[in-house]
Amino acid sequence: MQVTEEIRVECLAASLARELGVTQQTAWFLAHRIRETWLARSNATGMGPIVEVDETYIGGKEKNKHSDKKAYAGRGPVGKQIVVGVVEREGRVSTNPVRAASSATLQDFSVNRTQPGAPVCTDSFKAYGGLEGYNHEVVNHSAKEFVRGIAHTNGTESFWALLRREYYGIYHYMSMKHLHRYINEFSFRHDTAKVDIMQFIAMTVARMKDRRLTYKELINVTQT
């Protein structure tokens, strides 16, 4: 099977191939099968007691893309994938790509993962307005307000900063088609940062049950 451009440009797959003595295509497939086991982190529920919700945009800059890759759709986060995240204070992270930064999408994601009645901290983006059944705390970044009591989004912003740093510094490329696996790898690694290596391996193996991913499914997957 021919190695696609996507496989060739992923830096981690190239390093893994050298370490294991396998083809880059095999290493890319293996890495995604491991990431597949961590996808349950995107479905975390009962998060609390205080959570932060924020969204970011993942993808290369339009000005740096080849002409046949550009969206030609104006300014702003053009050609990027929206990712929403819920972060527990000093706890878990749940992230997922979404199609739109609309009230229905962002609030549904937040509500489905958060304890009823929990304080939910966001910035002043209007899509978060009207969160019913929650103690909604808002900070207005445009007015240079970053912390007010328990209200801040420093946890989510720190997570996005780490994600972008590794995107550009280690991976160099994350396919939009497989972005859900990449970002949930970061979520799992964040949640297990203080776990020793053997426990980390055991947790990964335990999640392999009923999460089989074939190569055909991988290359034919469509973005959701």
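### Some remarks on the environment of Trp 160
Okay, step 1: Along the chain, the position of Trp 160 falls in helix H5 (residues 154-171).
Okay, step 2: Judged by its relative accessible area of 3%, Trp 160 falls in the buried class.
Okay, step 3: Excluding residues within four positions of it along the chain, Trp 160 makes contact with Asp 54, Glu 55, Thr 56, Val 83, Val 84, Gly 85 and Thr 95.
Okay, step 4: Among the polar contacts made by the side chain of Trp 160, one reaches the side chain of Asp 54 at a distance of 3.3 Å.

### Thoughts on the environment of Lys 209
Okay, step 1: Here Lys 209 lies in the loop between helix H7 (197-206) and helix H8 (215-220).
Okay, step 2: It is 8.2 Å that separates the C-alpha atoms of Lys 209 and Thr 37, two residues lying 172 residues apart in sequence.

### Focus: the sheet that holds strand S1 (residues 51-58)
Okay, step 1: Sheet architecture is open: five strands sit in the order S3-S2-S1-S4-S5, paired in mixed fashion. Every interior strand has two partners, whereas the edge strands, strand S3 (93-98) and strand S5 (135-139), have only one. Strand-to-strand twist of the sheet, defined as the mean angle between neighbouring strand axes without regard to direction, takes the value 25°.
Okay, step 2: Bridge count between S1 and strand S4 (residues 119-123): two bridges; the pairing is parallel. Residue Val 51 lies in a different strand from S4, and its bridge partner there is Val 120.
Okay, step 3: Sheet strands touched by helix H6 (residues 179-191): S1, strand S2 (81-88) and S3. Its angle to S3, the strand with the most contacts, is close to 170°.

### Description of the confidence of the model for the chain
Okay, step 1: Averaged over the chain, the pLDDT score is 82; the fraction of residues at 70 or greater is 82%.
Okay, step 2: Across the chain, the element-wise mean pLDDT spans from 54 in helix H1 (residues 5-9) up to 95 in S4.
Okay, step 3: Across residues 70-76, confidence stays below pLDDT 50; counting only partners more than four residues off in sequence or on other chains, it has nine contacts.

### Points about unusual backbone geometry
Okay, step 1: That bond from Gly 48 to Pro 49 is cis: its omega, 0°, falls within 30 degrees of zero.
Okay, step 2: With respect to the helices and strands, Pro 49 occurs in the loop between helix H3 (24-37) and S1.
Okay, step 3: Not every positive phi belongs to a glycine, and Glu 90 is a case in point at roughly 60°.
Okay, step 4: Residue position: Glu 90 is located in the loop between S2 and S3.

### Topic: the packing of H3 against H6
Okay, step 1: Where H3 meets H6, the axes come as close as 9 Å, and the angle between the chain directions of the two elements is 60°. In terms of their interaxial angle, H3 and H6 are classed as oblique. Every pair of crossing elements has a handedness; the one defined by H3 and H6 is left-handed. Across from Trp 28, His 32, Arg 35 and Glu 36 in H3, the residues of H6 making contact are Arg 181, Tyr 182 and Glu 185.

### So, the nonpolar core
Okay, step 1: Judged by nonpolar contacts, the single largest core of 19 residues is most densely connected at Trp 28, Ile 58, Val 83, Leu 163, Met 174 and Leu 179.
Okay, step 2: Filtering out sequence-adjacent residues up to four positions away, Leu 163 remains in contact with Ile 58, Met 174, Ile 183 and Phe 186.
Okay, step 3: Ranked by size, the runner-up nonpolar core spans 15 residues in total, among them Val 53, Val 98, Val 120 and Tyr 128.

### Details of a nonpolar patch on the surface
Okay, step 1: Taken together, the side chains of Ile 197, Met 198, Ile 201, Val 205 and Met 208 define a hydrophobic patch exposed on the protein surface, amounting to about 500 Å² of accessible area.
Okay, step 2: Along the chain, Val 205 falls in helix H7.
Okay, step 3: Residue Val 205 is classed as partly exposed on the basis of its relative accessible area of 47%.

### Examining the pairing of S3
Okay, step 1: Counting buried residues in S3 gives five out of six residues, a clear majority hidden from the surface.
Okay, step 2: Pairing of S2 with S3 involves six bridges; the strand directions are antiparallel. From the neighbouring strand, Gly 85 faces S3, where its bridge partner is Thr 95.
Okay, step 3: Linkage of S2 to S3, two consecutive antiparallel strands, is achieved through a turn of four residues, within which Glu 90 is found at a positive phi near 60°.

How each quantity is defined
- Residues numbered from 1 in each chain as written.
- Predicted model: local features only at pLDDT ≥ 70, side-chain atom pairs only at ≥ 80, totals over all residues.
- Heavy atoms only, no water.
- Helix = DSSP H or I, 4+ residues; strand = E, 2+ residues; numbered from the N terminus.
- Buried < 20%, exposed > 50% of the residue type's maximum accessible area, 1.4 Å probe, protein only.
- Contact = heavy atoms within 4.5 Å.
- Polar contact = N/O pair within 3.5 Å; in protein donor to acceptor, adjacent residues only side chain to side chain.
- Pairing = 2+ DSSP bridges.
- Axes fitted to C-alpha atoms, helices over the stretch in contact; angles between N-to-C directions.
- pLDDT = per-residue confidence, 0-100.
- Parallel < 35°, antiparallel > 145°, perpendicular 65-115°, else oblique.
- Left-handed = near helix turned anticlockwise from the far one by under 90°.
- Core = buried A, V, L, I, M, F, W, Y, C linked by side-chain atoms within 4.5 Å.
- Patch = residues over 30% accessible without salt bridge, like charges linked within 9 Å, V, L, I, M, F, W, Y side chains within 5 Å.
- Areas by Shrake-Rupley, 256 points an atom, 1.4 Å probe, with all protein chains shown as cover.
- Salt bridge = Lys/Arg side-chain N within 4 Å of Asp/Glu carboxyl O.

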